[in-house]
Amino acid sequence: AMPVALAKGEFVPHYQPLYRLSDLKVVGVEALARWQRPDGLPALNPQQFIDLAERTGLIRPLGRALLEQACRQGAAWREEGHDLLVSVNLSPLQLGEPGLAAEVADILHRTGLPAHRLQLEITESAAADQHRDRLRELAALGLRLAVDDFGTGYANLTVLSRLPVTGLKVAGELVADLDTAAPAAADILRHTIGLCHDLGIEVTAEGLETEARERLVSELGCDLGQGYLFARPAPPAEIGVLLG
Ligand code: C2E
Ligand code: CA
């Protein structure tokens, strides 16, 4: 059913605000795919339909469609005076496409979103050396590249120095584990964040659900926060209200 749903425009991004922790201002949004199924059909978990799209290859046209919608929305918010960073998840399969940078450049041109207001989120494993040239092409467009879900994989710090990465998103699980982890875990995270700052990399804490965790990640030096504590992913009209 997914190719038909894609053709009908049933896949749309919802947006989750990214808050600057120093003043709790919304400085960006992450676009998250939602499948708006026709009446009566149950909602499907994005992780499930994204996994399926990765296995069938549909993630290529689906990812492109979502990227274009997110860029168009970002440009519309700019028109309204909200200068937000629009952060979009990129599948490793998309990174394998030779024409990706040209396609992204074309989408930016057509939607009118300036390149520096787009961030692409890539998984740690996709940030591996095999995609180095493609990542450099993307970075050369002037957009931002963030390593997503940091701490759930190998947490390989060398990618940060070898690749043109501008952002790091610390997985909520990693922050949640600090409660039970050895005391050294918080120190390791603090130093990782310090290293990121030395490299000019901005750090976002994901999955913030409690004020205690928000305080902790602020204290550890995170720049931005995202999570149910602040706001859940929502359609663009609901995000507009949060922007003031
Ligand atoms: P992700 O990139 O790690 O996105 C964050 C997920 O955490 C989102 O789930 C979001 O709704 C959820 N989340 C946000 N705040 C909290 C919180 O405080 N607590 C908890 N427990 N969860 C929180 P969602 O929307 O279900 O997306 C799941 C995954 O699907 C994403 O994980 C991403 O890997 C993938 N995905 C979503 N949209 C796209 C897309 O457009 N393209 C690609 N390639 N992948 C996508
Ligand atoms: Ca993400």
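Cut-offs and rules
Residues numbered from 1 in each chain as written. Chains lettered and ligands numbered in written order. Predicted model: local features only at pLDDT ≥ 70, side-chain atom pairs only at ≥ 80, totals over all residues. Heavy atoms only, no water. Near = heavy atom within 4 Å. Polar contact = N/O pair within 3.5 Å; in protein donor to acceptor, adjacent residues only side chain to side chain. Areas by Shrake-Rupley, 256 points an atom, 1.4 Å probe, with all protein chains shown as cover. Helix = DSSP H or I, 4+ residues; strand = E, 2+ residues; numbered from the N terminus. Donors = N, O, S within 2.8 Å, 3.2 Å for Na, K, Ca; no water. Tetrahedral: all angles 85-135°; square planar, octahedral: opposite > 155°, others 65-115°. Buried < 20%, exposed > 50% of the residue type's maximum accessible area, 1.4 Å probe, protein only. Pairing = 2+ DSSP bridges. Right-handed = clockwise from strand over helix to strand, strands pointing away. Patch = residues over 30% accessible without salt bridge, like charges linked within 9 Å, V, L, I, M, F, W, Y side chains within 5 Å. Salt bridge = Lys/Arg side-chain N within 4 Å of Asp/Glu carboxyl O. Arc of directions from axis to C-beta. Contact = heavy atoms within 4.5 Å.

A. Geometry of the site of ligand 1. For ligand 1, the set of nearby residues contains 20 residues, the closest of which are Q16, A33, R34, E209 and Y228. E30 has a polar side-chain atom sitting 3.4 Å from an oxygen atom of ligand 1. In this structure, a nitrogen atom belonging to ligand 1 sits 2.5 Å away from a side-chain N or O atom of E209. Here ligand 1, which alone exposes 800 Å², has 80% of that area covered by the protein. Looking at the shell around ligand 1 element by element, the count peaks at four residues for strand 2 (residues 25–35).

B. Representation of the coordination of the calcium ion (ligand 2) within the structure. Protein-derived ligands of the calcium ion (ligand 2) are E30 (OE), N89 (OD1), E121 (OE), D148 (OD) and D148 (OD), with the metal-ligand distances lying across 2.2 to 3.1 Å. Here the calcium ion (ligand 2) binds six donor atoms, and the angle range of 45 to 172° at the metal identifies the geometry as irregular. Donor residues binding the calcium ion (ligand 2) come from one chain and are separated in sequence as E-x58-N-x31-E-x26-D. With E30 in strand 2 and E121 in strand 4 (residues 118–123), the pair connects residues that are 91 residues apart, well separated along the chain. For the pair shown, E30 and E121 are each scored as buried.

C. Quick look at the pairing of strand 4. Most of strand 4 sits inside the fold, with five of its six residues counted as buried. Bridge count between strand 3 (residues 85–89) and strand 4: four bridges; the pairing is parallel. Within strand 4, the position partnered with V86 by the bridge is L118. Where strand 4 and strand 5 (residues 144–150) come together, five bridges link them in parallel fashion. Among the inter-strand pairings, I122 is bridged to a residue of strand 5, identified as V147. In this fold, the crossover linking strand 4 to strand 5 by way of helix 6 (residues 132–140) has right-handed handedness.

D. Structural context of a nonpolar patch on the surface. A cluster of nonpolar residues, L157, L195 and L199, forms a patch on the protein surface that exposes about 220 Å² of accessible area. By the secondary structure assignment, L195 is in helix 9 (residues 184–198).

E. Molecular detail of the pattern of salt bridges. As enumerated under the stated definition, the model contains 15 salt bridges in all. The closest approach of N and O atoms between D23 and R20, which form a salt bridge, is 2.8 Å. Judged by its relative accessible area of 40%, D23 is partly exposed. Put simply, E30, E121, K169 and E206 are held in one network by salt bridges that share partners.

F. Up close: the pairing of strand 2. Along strand 2, nine of the eleven residues are buried, which leaves the element largely enclosed by surrounding structure. Examined bridge by bridge, strand 1 (residues 11–20) and strand 2 share ten bridges and lie antiparallel to one another. Within the sheet, the bridge partner assigned to F11 lies in strand 2 and is W35. The hairpin turn running from strand 1 into strand 2, its antiparallel successor, is four residues long, and L24 in that turn takes a positive phi close to 55°. Here strand 2 pairs with strand 3 via four bridges, running parallel. Bridge pairing in strand 3 places G28 opposite L85.

G. Highlighting helix 6. Taken residue by residue, helix 6 has R134, L135 and L138 as its buried positions. For helix 6, the angular spread of buried residues about the axis comes to 100°, placing them on one side. For helix 6, the exposed residues set more than 90 degrees away from the buried face come down to D133 and A140. Contact partners of the buried residues in helix 6: helix 4 (92–95), helix 5 (100–111), strand 4 and strand 5.

Nothing here speaks to function; it is geometry throughout.
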